[in-house]
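# Report on the structure
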Amino acid sequence: MGTVTRTFFRGVRSALTPAMLAFDRFGKPTPVERSAEAQAEVDRACQDLTLYQFRTCPFCVKVRHEIHRLALPIALRDTREDPAAKEALQAGGGRTMVPCLAIAGEGSETRWLYESEEIKRYLRHRFEPASTG
Ligand SMILES: N[C@@H](CCC(=O)N[C@@H](CS)C(=O)NCC(=O)O)C(=O)O
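Below you will find a few notes about this structure. Please read all numbers here as calculations on a predicted model, not as lab measurements.

Right, let's get into the overall build of the chain. Each helix and strand counted, the chain has 5 helices and 4 strands in total. N-terminal to C-terminal, the α/β element order of the chain is α-α-β-α-β-α-β-β-α. Scored against the burial criterion, the 133 residues of the chain give a buried share of 34%. Only carbon and sulfur atoms are counted for the fraction: they give 54% of the accessible area of the chain, which is about 8400 Å². The average position of the 20 basic charges and that of the 17 acidic charges among the side chains of the chain differ by 8 Å.

Right, here's the structure in full:
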């Protein structure tokens, strides 16, 4: 990529950062509610999950909002702030693209799930409370 193109995209990214941070902060959906036992079970299951992400990535914001909505205590690792997290993602998943959900405890292998929509689908499928309506 040329210097002009790189500078252009860097400028676009800087301009969008405040909007992304505001969306991250104020666009959070209302969390679901569960019984104490059901939430404790979800909390236990989430110990096997880690989301590789960074703060201003729009795809990551989307996934973090879904995590918030589903009230999931999933550990976050920031690949921009923490070089070890980026290395772990590359070594385990084979790419540094975020978001990526690392799912341990499925057999002996960790599964590395990329693509924000896939991650949201996986979380909904596994943790969406059954409808009572
Ligand atoms: N289609 C992907 C796009 C993810 C994406 O483009 N992530 C960017 C950050 S916003 C990224 O990780 N780029 C660096 C890379 O691909 O290594 C998704 O929906 O998750």
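This paragraph deals with the packing of aromatic side chains. Aromatic ring pairs are defined here through the distance separating the ring centres and the angle between the ring planes. According to the stated counting rule, one finds 2 aromatic pairs in the structure shown. Aromatic side chains Y52 and W112 sit 5.5 Å apart centroid to centroid with 45° between the ring planes, which places their arrangement in the tilted category. Here W112 lies in strand β4 (residues 109-114) and Y52 lies in strand β1 (residues 49-53), a separation of 60 residues in the sequence. Note on Y52: relative accessible area 5%, which makes it buried. Here the guanidinium or amino end of R80 rests over the ring plane of F54, the centre of that ring lying 3.9 Å away. Directly above the ring of Y114 sits R95, whose terminal nitrogen or CZ lies 5.4 Å from the centroid.

Turning to the site of the ligand, a few remarks are in order. Every residue lining the ligand is accounted for by F54, C57, P58, F59, T96, M97, V98, P99, E115 and S116. Within the side chain of T96, one N or O atom sits 2.9 Å away from an oxygen atom of the ligand. Within the contact set of the ligand, a nitrogen atom lies 2.9 Å away from a backbone nitrogen or oxygen of V98. Contact with the protein chains removes 64% of the 510 Å² of surface that the ligand exposes when unbound. Split by residue class, the shell around the ligand holds 7 nonpolar, 2 polar and 1 charged.

Counting residues in hydrophobic clusters, the biggest one holds 17 residues, and the most contacted among them are L49, L72, I74, L101, L123 and F127. Of all the secondary-structure elements, those providing two or more residues to this core are α2 (36-46), β1, α3 (58-69), β3 (100-106) and α5 (116-127). When residues of this core are assigned to their parent elements, the largest contribution, 4 residues, is made by α5. L49 has contacts with I74, A75, L101, A102, I103, Y122, L123, R126 and F127, leaving out every residue within four places of it along the chain.

Here the focus is the side chain of T79. Mapped onto the elements of the fold, T79 is located in the loop between β2 (75-78) and α4 (83-93). T79 sits in the buried class, given a relative accessible area of 8%.

Taken as a whole and judged by the stated rule, the model has 0 disulfides. Here C100 is not disulfide-linked; the sulfur of C60 is the nearest cysteine sulfur, at 10 Å.

What counts as what
Residues numbered from 1 in each chain as written. Predicted model: local features only at pLDDT ≥ 70, side-chain atom pairs only at ≥ 80, totals over all residues. Heavy atoms only, no water. Helix = DSSP H or I, 4+ residues; strand = E, 2+ residues; numbered from the N terminus. Buried < 20%, exposed > 50% of the residue type's maximum accessible area, 1.4 Å probe, protein only. Areas by Shrake-Rupley, 256 points an atom, 1.4 Å probe, with all protein chains shown as cover. Lys, Arg positive; Asp, Glu negative; His and termini not counted. Charge placed at Lys NZ, Arg CZ, Asp CG, Glu CD. Phe/Tyr/Trp six-rings, centres within 6.5 Å; stacked < 30°, edge-to-face > 60°. Lys NZ or Arg CZ within 6 Å of the ring centre and 35° of its normal. Near = heavy atom within 4 Å. Polar contact = N/O pair within 3.5 Å; in protein donor to acceptor, adjacent residues only side chain to side chain. Nonpolar A, V, L, I, M, F, W, Y, C, P; charged D, E, K, R; others polar. Core = buried A, V, L, I, M, F, W, Y, C linked by side-chain atoms within 4.5 Å. Contact = heavy atoms within 4.5 Å. Disulfide = S-S within 2.5 Å.

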